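Chain residues, written in single-letter form:
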Amino acid sequence: MKTSTRLIPGLFLLCLLLLFSFIFSVSFGAVSVEFSHTVRILMNRIFNTGVSNIDAVQEDIILKIRVPRVFLGMMVGASLSISGLVFQALLRNPLADPYTLGVSAGASFGAGLAIFLSYVIGAYMKNFLPVFAFFGGITTVFIVYLLARTRGRIQVLTIILSGVVVSYLFSSGLVLIMALLGDRSHEVIFWLLGSLSGYHKWLPHAAGISIAIICFTFFFFQDLDLMALGDDQAKALGVNTEFVRILLFSTTSLVTAIAVSLTGTIGFVGLIVPHSMRLVFGPRHKVLIPASAIAGASFLPLSDALARTLPGLIFGSSMEIPVGAVTSLFGSPFFLFLLMRGKKKYWF
């Protein structure tokens, strides 16, 4: 009853937060645009209101640069949040995040390989960086599954250990690539910090797949509720735990690989958002899945807006800092909060 009374107003407030996040994110940056001007530009584009006194430069900045960037942030934020929520339930680990299975390490290795090949073969290889990163992340997941599968079953502890081992393997390969790149390794480092700039041409396809997977995940909210309590209880209530675990691991790993391939590794989104929503709405995944998706789609664009505006406010510079640095700034204290809370009470 407590959760149901919070559901409608809570989700409504989250939708308002999403709208505010969108307008705020497309308004602020190296060139700031007033909220009223931003709304007029967007309304004119959507409804063709025929407003004539619109600054052409501001219109180009908002529609051609910032709107695609914000949509990318919304898609990646929602994807990472849902992935973190699912991993925390399936692994029964409150500190699990979307990169638990080593997707981040595999994608980073793929991206580093693309950058390395751009110097060996030709600069055009950088155009395929998202493709290399995506297949690197997916390859990691398949290797983890092969290592974790024993007698046709996958144990939670085994899959976590397999993810750690494979992460170290691909991380070692990435270190080797950075050593070979020498002074040019800064390109890999910048990618590792995460950024929402670039690769917008992949956005429509990536967004379609990600939205479909998020909607697909919602149909398993009851299974996630039961599996968060433990496999024995879930099996006793009729849940095919092995099938659900493999299926949801596969889909969430896919959506994580898509997100990482487009933006690099952006940490803590899948940790902060699901737990924040759990504190507000409770443990029911019927509510947590849409709430985490909306909150994640709001959080990452706002973090990116801060990454674009903070250097100008503090140093008077037009440069931008990687969005991964901003999310880590918020995430590290939150991680410590979860760690200290875990000493007193286990989340599940």
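Treat the numbers as computed from the prediction; the structure is a model and nothing was measured.

Details of the overall build of the protein chain
Argument step 1. Assigned secondary structure in the protein chain consists of 14 helices and 2 strands.
Argument step 2. Across its three principal axes, the protein chain shows a C-alpha extent of roughly 65 × 60 × 35 Å.
Argument step 3. Looking at the protein chain as a whole, 51% of its 348 residues are labelled buried.
Argument step 4. Relative to all contacts within the protein chain whose residues are 6 or more apart in sequence, the contacts with residues 24 or more apart total 75%.
Argument step 5. Accessible surface, the protein chain as shown: approximately 16400 Å² in total, 70% of it carbon and sulfur.
Argument step 6. The protein chain carries 24 positive and 14 negative side-chain charges, and their two centres are separated by 9 Å.

A word on helix α6 (residues 156-181)
Structural remark: α-helix, 3.6 residues per turn; residues separated by three or four positions point the same way.
Argument step 1. If you check α6, its first and last C-alpha atoms are 37 Å apart, about what 26 residues at 1.5 Å a residue would give, namely 38 Å.
Argument step 2. Among the residues making up α6, those that are buried are V156, I159, S162, G163, V166, S167, F170, G173, L174, I177 and L181.
Argument step 3. In this fold, the buried residues of α6 make contact with α3 (56-90), α4 (103-120), α5 (129-148), β2 (153-154), α7 (186-193) and α11 (241-263).
Argument step 4. Looking at the residues trailing α6, positive phi occurs at G182, about 65°.

Observations concerning the pattern of salt bridges
Pairing is possible between side chains that carry opposite charge, provided their charged atoms lie close to one another.
Argument step 1. Inspection of the entire model under this criterion finds 5 salt bridges.
Argument step 2. Notably, a salt bridge pairs D225 with R284, separated by 3.6 Å at the nearest N-O pair. Taken together, the residues span a long stretch of sequence, with D225 in helix α9 (residues 221-227) and R284 in the loop between α12 (269-281) and α13 (285-315) at a distance of 59 residues.
Argument step 3. In this structure D225 comes out as buried when scored by relative accessible area, which is 17%.
Argument step 4. Judged by relative accessible area, R284 falls into the partly exposed class, the value being 45%.
Argument step 5. The closest approach of N and O atoms between D304 and R308, which form a salt bridge, is 3.1 Å. Here R308 and D304 lie together in helix α13, a separation of 4 residues that amounts to about one turn.
Argument step 6. Residues joined by salt bridges that share partners form a network here, namely R69, D304 and R308.

Thoughts on the packing of aromatic side chains
Argument step 1. Counting across every chain of the model gives 12 aromatic pairs.
Argument step 2. Between F109 and F170 the ring centres are 5.5 Å apart and the planes differ by 65°, which places this aromatic pair in the edge-to-face class. One end of the pair, F109, is in helix α4; the other, F170, is in helix α6, with 61 residues separating them in the sequence.
Argument step 3. Look at F170 and you get buried, because its relative accessible area is 12%.
Argument step 4. Here F299 and F330 contribute two aromatic rings whose centre-to-centre distance is 6.2 Å and whose plane-to-plane angle is 70°, an arrangement assigned as edge-to-face. Note that F299 is positioned in helix α13 and F330 in helix α14 (residues 323-344), a separation of 31 residues in sequence.
Argument step 5. F299 gets classed as buried once you look at its relative accessible area, which sits at 17%.
Argument step 6. Under the relative-accessibility criterion, F330 is labelled partly exposed at 41%.

A short note on the confidence of the model for the protein chain
Argument step 1. Within the protein chain, residue pLDDT values average 85, and 92% of them lie at 70 or more.
Argument step 2. At the low end of the mean pLDDT range in the protein chain sits β2, at 72; at the high end sits helix α8 (residues 203-218), at 92.

Focus on unusual backbone geometry
Argument step 1. A positive phi angle, near 50°, is found at R92, a position not held by glycine.
Argument step 2. Following the sequence through the fold, R92 ends up in the loop between α3 and α4.

With respect to α5
Argument step 1. With 20 residues, α5 ought to run about 28 Å at 1.5 Å a step, and its terminal C-alpha atoms sit 29 Å apart, in line with that.
Argument step 2. All of the buried residues in α5 are L129, P130, A133, G136, G137, I138, T140, V141, V144, Y145 and A148.
Argument step 3. Against the buried residues of α5 lie α4, β1 (149-150), β2, α6, α7 and α11.

Details of the nonpolar core
Argument step 1. Core analysis: the biggest nonpolar cluster contains 89 residues, and F22, I62, M75, I159, F249 and M277 have the highest contact counts within it.
Argument step 2. At 16 residues, the largest contribution of residues to this core is made by α3.
Argument step 3. The contacts of I159, once residues within four sequence positions are left out, are L91, L101, V144, Y145, A148, I154 and F249.

Regarding the packing of α4 against α5
Between two packed helices, both the angle of their axes relative to each other and the distance between the axes serve to describe the pair.
Argument step 1. Where α4 contacts α5, the axes come no closer than 7 Å and their chain directions differ by 145°. Judged by the twist between their axes, the crossing of α4 over α5 is right-handed. Of the residues in α5, those touching α4 at V103, G106, A107, G110, A111, L113, A114, I115 and L117 are L129, F132, A133, G136, G137, T140 and V141.
Argument step 2. A per-class count over the contact of α4 with α5 returns 11 nonpolar, 5 polar and no charged.

What about a nonpolar patch on the surface?
Argument step 1. A cluster of nonpolar residues, Y119, V120, I121, Y124 and F128, forms a patch on the protein surface that exposes about 490 Å² of accessible area.
Argument step 2. Relative to the elements of secondary structure, F128 occurs in the loop between α4 and α5.
Argument step 3. Residue class for F128 comes out partly exposed when judged on its relative accessible area of 40%.

Some points on the environment of R40
Argument step 1. By the element assignment, R40 lies in helix α2 (residues 35-47).
Argument step 2. With relative accessibility at 31%, the residue R40 sits in the partly exposed group.
Argument step 3. Along the chain, R40 and S276 lie 236 residues apart, while their C-alpha atoms are 33 Å from each other.

Observations concerning the state of the cysteines
Structurally, a disulfide amounts to a covalent bond that connects the sulfur atoms of two cysteines.
Argument step 1. Per the counting criterion, the structure on display carries 0 disulfides.
Argument step 2. Residue C15 stays outside any disulfide, its sulfur separated by 14 Å from that of C215, the closest cysteine.
Argument step 3. Of the residues examined, C15 reaches a relative accessible area of 40% and is grouped as partly exposed.

About the cut-offs
- Residues numbered from 1 in each chain as written.
- Predicted model: local features only at pLDDT ≥ 70, side-chain atom pairs only at ≥ 80, totals over all residues.
- Heavy atoms only, no water.
- Helix = DSSP H or I, 4+ residues; strand = E, 2+ residues; numbered from the N terminus.
- Buried < 20%, exposed > 50% of the residue type's maximum accessible area, 1.4 Å probe, protein only.
- Contact = heavy atoms within 4.5 Å.
- Areas by Shrake-Rupley, 256 points an atom, 1.4 Å probe, with all protein chains shown as cover.
- Lys, Arg positive; Asp, Glu negative; His and termini not counted.
- Charge placed at Lys NZ, Arg CZ, Asp CG, Glu CD.
- Expected span 1.5 Å × (residues − 1).
- Salt bridge = Lys/Arg side-chain N within 4 Å of Asp/Glu carboxyl O.
- Phe/Tyr/Trp six-rings, centres within 6.5 Å; stacked < 30°, edge-to-face > 60°.
- pLDDT = per-residue confidence, 0-100.
- Core = buried A, V, L, I, M, F, W, Y, C linked by side-chain atoms within 4.5 Å.
- Axes fitted to C-alpha atoms, helices over the stretch in contact; angles between N-to-C directions.
- Left-handed = near helix turned anticlockwise from the far one by under 90°.
- Nonpolar A, V, L, I, M, F, W, Y, C, P; charged D, E, K, R; others polar.
- Patch = residues over 30% accessible without salt bridge, like charges linked within 9 Å, V, L, I, M, F, W, Y side chains within 5 Å.
- Disulfide = S-S within 2.5 Å.

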